[in-house]
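Listed below are the residues making up each chain.
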Amino acid sequence: MARGTLTGLAFGPLTRADGQPRRGPGPLVLGADWNLSVGTTLDGQARLFRESGDITIEGETRTRLGLETLEAVLKASGNRLSLTAQARGSEIGSLQANAGLQAQRGADGLWSVPPDAALAGAAELDVPSIGWLGRLVPESIEAGGSLKGKVELGGTLAAPRASGRVSGRTLEIALVDQGLHLSGGEFDASFDNDRVRLERLSFVSPNRVRPRESRIPFDRLTATPGTFTASGEVKLDSGDGDFSFRADRLPLLQRDDRWMLLSGEGTARSTWTSLVLNADFRTDAGYIEFAETPPPSLSDDVVVLGRDEEPAEGGFALTADIGVNLGNALYLSAMGLETRLAGELKLRMRPGLPMSAIGSIATVGGSYRGYGQSLVIDRGVVNFQGPLDAPGLDIVALRKGLAVEAGVAVSGSAKRPQIRLVSEPNVPDPDKLSWIVLGRAPDSGSGADLGLLLPAAQALLGGPGGGMTEELSRSLGFDSFSIGQGELNSTSRAASSRVLGSGSTVASDPSVAGQVLSLGKRLSPDLFLSFEQSLGGAETLVKLSYQLSRRLSMVARGGTDTSLDLHYGFSFR
């Protein structure tokens, strides 16, 4: 005969270091009681139960399971032992389990459970919400949905056999920072002693966000929800697994500045130590927008004291061959670049080697805003033939619609780009820069031109953007803004001519000189409206320029001077 009780078995301190009671439910505290009789038969029971407190799981956010009930009861009757257990909590839902087997009394009068004793049992799990799982991981992950499971236990104590099913409904996974949001998920799996079968994993995920890019055929692509399905199985003895998956207009990114629909299919083969992935994807549509300047970051040679070192690579080997087709509706807005991307890439990953790529990405149309102007991308190709961080560059961006179409060309690799000025027809580099920034040849006697071209040259060599004037003109809504030494050319309308590349102008004497404020707005690729105000007098000029062809333009002036001019330019060597 054995009888007794136990109380106050705590799994953690009940008070703080200063002796004050801990806030919240505190650690789990268990109690027990038992009343057993062992003789020619077994009779009685033993019970373990929760008295107070909760179980806390450490993660990115410390999470309590919200335990309300936790109890396990072992009963003995004759030679049969039965165990029942139940748990219930606000987070984990409910768990109920039972198992039973027969004990055997030996010739010496001692009781034991033989290895060949028949084993029978079952368990059921019902989790109404898995939202608390997202709080355990370091990333900004949100999870939702419900899980249900049922397990059946059989066989013998020496060779138990288990089988069961697990299902999930209304599953939802969101990576908040990346904009990934999958919803409407369903999950069905079964298992036995030999293998685990993923019978179905599916997400029927409607689009939630409209991107900022209006050229995307949004209504047609999002008329019905996107889908993702997967199935497969894993053998438990060897870990050999075989899975397949398929996506159709899956809303992979769901932010107005990072938005993408993806389609494709693939397979995955696995062992306990490796994974081989083969897939082909196509971008149905997308819009990716990056900030004008990249976020600050530490140099590679900076060591932060006290920071944990990155864990060494484990023994898991990942092999992947993934094809990516960018489709015909993937738009990019980044650091002054506005364009559509097209092309195909083959991504390759091998154990111990960095990811590599083979293929090309090309721009389709678009413009680059730099040096205070909008340059048309005449050619833009990025070639990959190895590591992802070292593609080859072949990019040309020009200021179109002028007698001299000048711009920049970028070649070399992303790690060591080579930037040079180009023009058609070819003119000296200072003139190319003047045609980019000013839209005309430089005036050799004007200090104002030099004051505008030097910052543009610094921007060309030092990074993207047009400096302070670029930011100011953009904030005011203008395409050009300048203050410098110049003339309004208001009173004299004698015939004039200009030789491209020379910067010289033949005209009668102007009467307005000094500092001039100039504002301009491009109304279309061929139409430009500008306003000029003398800062040293009352002279004002409004000018509307229309480029009829590469050589012929018409200029209408109003204000201090009212006129209509036709300009014809030609170049010769």
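Look up: the structure comes first, before these words.
None of these values were measured; they are calculated from a predicted model.

Take the nonpolar core next. Counting residues in hydrophobic clusters, the biggest one holds 18 residues, and the most contacted among them are Ile92, Trp132, Leu182, Phe203, Phe228, Phe245 and Leu250. Elements represented by at least two residues in this core include exactly β14 (180-191), β16 (226-235) and β17 (241-254). The leading source of residues in this core is β17, at three residues. Setting aside anything within four residues of it in sequence, one finds Phe203 in contact with Leu171, Ile173, Leu182, Ser183, Gly184, Gly185, Gly226, Thr227 and Phe228.

Turning to unusual backbone geometry, a few remarks are in order. For the bond running from Glu424 to Pro425, omega is 0 degrees, close enough to zero to count as cis. Relative to the helices and strands, Pro425 is located in the loop between β27 (417-424) and α2 (429-437). Unusually for a residue other than glycine, Thr170 sits at a positive phi of about 50 degrees. Take Thr170: it is sitting in strand β13 (residues 160-175).

Summed over all chains, the structure comprises two aromatic pairs. Between Phe218 and Trp259, the aromatic rings sit 5.8 Å apart at their centres with planes inclined by 45 degrees, giving tilted as the arrangement. Within this pair, whereas Phe218 is found in helix α1 (residues 218-221), its partner Trp259 is found in strand β18 (residues 258-270), the two being separated by 41 residues in sequence. Residue classification places Trp259 among the buried residues on the basis of a relative accessible area of 0%. Between Phe245 and Phe281, the ring centres sit 6.4 Å apart and the planes meet at 20 degrees, which makes this aromatic pair stacked. Here Phe245, found in strand β17, pairs with Phe281, found in strand β19 (residues 274-289); they are 36 residues apart in sequence, far enough to count as distant.

So, how was this worked out
- Residues numbered from 1 in each chain as written.
- Predicted model: local features only at pLDDT ≥ 70, side-chain atom pairs only at ≥ 80, totals over all residues.
- Heavy atoms only, no water.
- Core = buried A, V, L, I, M, F, W, Y, C linked by side-chain atoms within 4.5 Å.
- Buried < 20%, exposed > 50% of the residue type's maximum accessible area, 1.4 Å probe, protein only.
- Helix = DSSP H or I, 4+ residues; strand = E, 2+ residues; numbered from the N terminus.
- Contact = heavy atoms within 4.5 Å.
- Phe/Tyr/Trp six-rings, centres within 6.5 Å; stacked < 30°, edge-to-face > 60°.

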